[in-house]
Amino acid sequence: MATNVLSSIDLRKKILQSTLEKKQLTGVTARVGIVLDITGSMRNLYSNGTVQEVVERILAVASKFDDNGSLDVWVYDTEFSRLPPVTERDFRNYVSSSILSNPHIHKFGRNNEPPVMEDVIRKYTVEEDESTPVFIIFINDGGMVKTVRKIITAASVQPIFWQFVGIGDSDFEVLKKLDTMQGRVVDNANFIHMDRIEAVSDEELYDRLLNEFPQWLQAAKAKRIIRS
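Residues numbered from 1 in each chain as written. Predicted model: local features only at pLDDT ≥ 70, side-chain atom pairs only at ≥ 80, totals over all residues. Heavy atoms only, no water.

Caption draft 1: Quick look at the overall build of the protein chain. Helix and strand counts for the protein chain come out as nine helices and six strands. The C-alpha atoms of the protein chain give 16 Å as radius of gyration, which agrees with the globular expectation for 228 residues (17 Å, within 12%). Within the protein chain, contacts between residues at least 6 apart in sequence are counted, and of these 80% link residues at least 24 apart. For the protein chain, the distance from the average site of its 28 positive side-chain charges to the average site of its 32 negative ones is 3 Å. (Helix = DSSP H or I, 4+ residues; strand = E, 2+ residues; numbered from the N terminus. Rg over C-alpha atoms; globule rule 2.2 N^0.38 Å. Contact = heavy atoms within 4.5 Å. Lys, Arg positive; Asp, Glu negative; His and termini not counted. Charge placed at Lys NZ, Arg CZ, Asp CG, Glu CD.)

Okay, structure coming up:
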């Protein structure tokens, strides 16, 4: 069983490699993090294994971009938790063992994004202030609070790119307006919607996840947000 799981990670890395080549991202080093919505409406996606599958698919991105091959993880509802990073050595049952079985994590409440976003910024710009760009995949199933716009705008001077992924059938009113937000030094956020992420192929997932990251890298370097 373990061999089969490992081979699926290896297969995803091969699929991802072709995407990196197409988007001219080979050789790019970036720290990668995932922020997981754990509000009440996400309960079924945790219990049926969809969230575990998402973590494994995003781990392939971290394995290609991050020198340590580790994926930083946060979960949030009204509160948030910063969890131990996940790697190819310990990803099996990560959601079950590190999230669902963790009594210290607040689960299945309402959503409040600003505190977890501020912690992401704090980790990468205060605690670990490095020159390496940061790629954050933010999984949300709707109802995001409008004050996230202020945080994204203020964070446009930071070496962090926010890739929001909307899942389910919400209208995602706040996230749909990201590309037209004014007042940012660079466009530091993108939104994609996947009604049923579990039904999306790895090829399509990686292609869409990495659609705007290359443009942000160029813009951030031009504005010296990313230090050479």
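Caption draft 2: Helix α8 (residues 202–209), seen in detail. All of the buried residues along α8 are Asp202, Leu205, Tyr206 and Leu209. All buried residues of α8 fall inside an arc of 90° around its axis, so they share one side. (Buried < 20%, exposed > 50% of the residue type's maximum accessible area, 1.4 Å probe, protein only. Arc of directions from axis to C-beta.)

Caption draft 3: How the structure looks around the environment of Val126. Among the structural elements, Val126 can be located in helix α5 (residues 113–127). Note on Val126: relative accessible area 61%, which makes it exposed. Put simply, Val126 and His104 are 22 residues apart on the chain and 25 Å apart in space, counted from C-alpha to C-alpha.

Caption draft 4: Inspection of the sheet that holds strand β5 (residues 160–167) at higher detail. Overall, mixed pairing links the six strands, which are arranged β3-β2-β1-β4-β5-β6 in an open sheet. With one partner strand each, in any of the chains shown, β3 (80–86) and β6 (189–194) form the two edges of the open sheet. Neighbour-to-neighbour, the strand axes of this sheet turn through a mean angle of 20°, independent of strand direction. As defined by bridge partners, β5 adjoins β6 across six bridges and the pair is classed as parallel. Its bridge partner lying in β6, Val165 is registered against Ile192. (Pairing = 2+ DSSP bridges. Axes fitted to C-alpha atoms, helices over the stretch in contact; angles between N-to-C directions.)

Caption draft 5: Looking closely at the pairing of strand β4 (residues 134–140). Counting buried positions over the seven residues of β4 gives seven, a clear majority of the element. Burial along β4 is two-sided: Val134, Ile136, Phe138 and Asn140 facing one way and Phe135, Ile137 and Ile139 facing the other are all buried. Examined bridge by bridge, strand β1 (residues 31–37) and β4 share six bridges and lie parallel to one another. Looking across to β4, one finds that Gly33 is bridged to Ile136. Two strands pair when backbone bridges link them, and β4 and β5 are joined in this way by seven bridges, in the parallel orientation. Looking across to β5, one finds that Asn140 is bridged to Gly166. Between β4 and its parallel partner β5, the chain crosses via helix α6 (residues 148–154), and the hand of that crossover is right-handed. (Right-handed = clockwise from strand over helix to strand, strands pointing away.)

Caption draft 6: Region of interest: the pairing of β5. For β5, the tally of buried residues reaches eight of eight residues, placing the bulk of the element in the interior. Of the two faces of β5, the one carrying Ile160, Trp162, Phe164 and Gly166 and the one carrying Phe161, Gln163, Val165 and Ile167 are both buried.

Caption draft 7: View of the environment of His104. Its location among the elements puts His104 in the loop between α4 (94–100) and α5. Separated by 23 residues in sequence, His104 and Ser81 place their C-alpha atoms 8.4 Å apart.

Caption draft 8: Quick peek at the nonpolar core. By size, the foremost hydrophobic cluster in this structure holds 54 residues, and its most contacted members are Leu36, Tyr46, Phe65, Leu71, Ile99 and Phe213. Per-element tally for this core: the top contributor is helix α3 (residues 50–65), with nine residues. Sequence-distant contacts of Phe65, defined by excluding residues within four places in its chain, comprise Leu20, Leu25, Val28, Thr29, Ala30, Val32, Phe135, Leu210 and Phe213. In this structure, Met117, Ile151, Ile160 and Leu175 belong to the second largest nonpolar core, which totals 26 residues. (Core = buried A, V, L, I, M, F, W, Y, C linked by side-chain atoms within 4.5 Å.)

Caption draft 9: Structural context of the packing of α3 against α8. Where α3 contacts α8, the axes come no closer than 12 Å and their chain directions differ by 55°. By the criterion of interaxial angle, the relationship of α3 to α8 is oblique. The hand of the α3/α8 crossing is right-handed. Contact residues: α3 offers Arg57, Ile58, Ala60 and Val61, while α8 offers Asp202, Leu205, Tyr206 and Leu209. Here the contact of α3 with α8 is built from residues that sort into six nonpolar, no polar and two charged. (Parallel < 35°, antiparallel > 145°, perpendicular 65-115°, else oblique. Left-handed = near helix turned anticlockwise from the far one by under 90°. Nonpolar A, V, L, I, M, F, W, Y, C, P; charged D, E, K, R; others polar.)

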